[in-house]
Amino acid sequence: MVSGIGVIVFIFVMFLLASIKILNEYERGVVFRLGRLTPYRGPGMVFILPIIERLVRIDLRTVTLDIPPQDVITKDNVTVKVSAVLYFRVVDPSRAVTEVANYLFATMQLAQTTLRSVGGQTELDELLSQRDKLNARIQEIVDAQTEPWGVKVTLVELKNIDLPQDMQRAIAAQAEAERERRAKVIAAEGEFQAAQRLSDAAEIMSKSPITLQLRYLQTLKEIATDHNSTTVFPLPIDLFEPFRAFAKAAAARDEKDKI
């Protein structure tokens, strides 16, 4: 009689231990009772009827999914390898269990397919320079497809874009040509500004002849401060005035003869 009671107590204890489940704060338990879905439970201590009920644990933390490099043919027929990282989490544990067989694998396959599709609709320049736009587009597409599964895609980031060697050389040559073009434009702009300033200065000097004399003296001062063997013989500019007047008279006479 005592042994029979002991067996009953042992069975009861084992049944009790089998029916108690502990779920962490970030876990939820989807329970099936005789194959039918019941509201999910947790966190904390959960009681499950052995044999009658079955518990499936679902992690609600954000999952980081590394998308391996995908061969992508861009819109302008350039083959590149593109890799990305996907962040998502389960927002509805019941649908994550009942609507898809394996939400992790399904989300991975969907992300890979979407990455190839979006990359195939994009030109290489856009793929390299507008990553934020592509990230948002991929996230929108994947999130719309996983929403019925109870999965929320929070972020998509392109990691690496591997270009063929010949394309890398072509891009490097293009960048070098662009830098040379900018250097020439900057040099031409500097020459234009210098010529404009000289023209303004000449106009000012023509209005006030004394400024030319002052500039002449300033040049002599700059030359004298240098340690060189240059010999300068300063001459008053007024000595050149008769020659200038003679040249102007000769030019006027030639014009008159032509008429």
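One structure accompanies this document, and this report is about it.

About the criteria used
- Residues numbered from 1 in each chain as written.
- Predicted model: local features only at pLDDT ≥ 70, side-chain atom pairs only at ≥ 80, totals over all residues.
- Heavy atoms only, no water.
- Helix = DSSP H or I, 4+ residues; strand = E, 2+ residues; numbered from the N terminus.
- Expected span 1.5 Å × (residues − 1).
- Buried < 20%, exposed > 50% of the residue type's maximum accessible area, 1.4 Å probe, protein only.
- Arc of directions from axis to C-beta.
- Contact = heavy atoms within 4.5 Å.
- Pairing = 2+ DSSP bridges.
- Axes fitted to C-alpha atoms, helices over the stretch in contact; angles between N-to-C directions.
- Parallel < 35°, antiparallel > 145°, perpendicular 65-115°, else oblique.
- Left-handed = near helix turned anticlockwise from the far one by under 90°.
- Patch = residues over 30% accessible without salt bridge, like charges linked within 9 Å, V, L, I, M, F, W, Y side chains within 5 Å.
- Areas by Shrake-Rupley, 256 points an atom, 1.4 Å probe, with all protein chains shown as cover.
- Salt bridge = Lys/Arg side-chain N within 4 Å of Asp/Glu carboxyl O.
- Core = buried A, V, L, I, M, F, W, Y, C linked by side-chain atoms within 4.5 Å.

1. Considering helix H5 (residues 131-146)
Taking 1.5 Å of rise per residue, 16 residues should cover 22 Å, and H5 covers 22 Å from first to last C-alpha, within 8% of that figure. Taken as a whole, H5 has its buried residues at Leu 134, Asn 135, Ile 138, Val 142, Asp 143 and Thr 146. Burial along H5 is one-sided: seen end-on, the buried residues are contained in an arc of 155 degrees. In H5, the exposed residues that point more than 90 degrees away from the buried face are Glu 140 and Ala 144. Lining the buried residues of H5 we find helix H3 (103-120), helix H4 (124-129) and strand S8 (151-162).

2. Considering the sheet that holds strand S2 (residues 27-33)
The strand order S3-S2-S5 describes an open sheet built from three strands, whose pairing is antiparallel. What marks the edges here is a single partner per strand, and that holds for strand S3 (36-37) and strand S5 (53-59). Where S2 and S3 come together, two bridges link them in antiparallel fashion. Within S3, the residue paired with Phe 32 across the bridge is Leu 37.

3. Remarks on the environment of Gly 35
The residue Gly 35 is located in the loop between S2 and S3 in this model. A C-alpha to C-alpha distance of 8.6 Å links Gly 35 and Ile 52, two positions 17 residues apart in sequence.

4. Observations concerning the packing of H3 against H5
Direction vectors running N to C along H3 and H5 enclose 140 degrees, while the axes themselves pass 10 Å from each other. The pairing of H3 with H5 is recorded here as oblique in orientation. In the packing of H3 onto H5, the handedness of the crossing is right-handed. Note on element contacts: H5 touches H3 through Leu 134, Arg 137, Ile 138, Ile 141, Val 142, Gln 145 and Thr 146, opposite Thr 107, Leu 110, Ala 111, Thr 114, Leu 115 and Val 118.

5. With respect to a nonpolar patch on the surface
Taken together, Ile 5, Val 9, Val 13, Met 14 and Leu 17 make up a surface patch of nonpolar side chains, about 440 Å² in accessible area. Within the secondary structure layout, Ile 5 lies in helix H1 (residues 2-19). The class of Ile 5 is partly exposed, set by a relative accessible area of 45%.

6. A few points about the nonpolar core
Ranked by internal contacts, the top residues of the largest apolar core, which has 35 residues, are Val 80, Val 82, Leu 86, Tyr 103 and Leu 158. Those elements that provide at least two residues to this core are S2, S5, strand S6 (63-73), strand S7 (79-90), H3, H4, H5 and S8. Looking at this core element by element, the count peaks at seven residues for H3.

7. Description of the sheet that holds S6
As summarised here, the arrangement of the three strands in space is S6-S7-S8, forming an open sheet in which the pairing is antiparallel. At either end of the open sheet lies a strand with only one pairing partner, and these are S6 and S8. Averaged over all neighbouring strand pairs, the angle between strand axes comes to 25 degrees, with direction disregarded. Bridge analysis of S7 against S8 gives 10 bridges, and the strand direction is antiparallel. Bridged to Val 82 within S8 is Ile 161. Helix-sheet contacts for H3 involve S6, S7 and S8, and the interaxial angle to S6 is about 35 degrees.

8. Looking at unusual backbone geometry
With a phi angle near 55 degrees, Leu 34 is a residue other than glycine that sits in the positive phi range. Position of Leu 34 relative to the elements: it lies in the loop between S2 and S3. For Leu 34, a relative accessible area of 67% puts it in the exposed group. Positioned with a positive phi, Ile 51 is a non-glycine residue whose angle comes to about 70 degrees. Tracing the backbone shows Ile 51 in the loop between strand S4 (44-47) and S5.

Worth remembering: the numbers are spatial, not functional.
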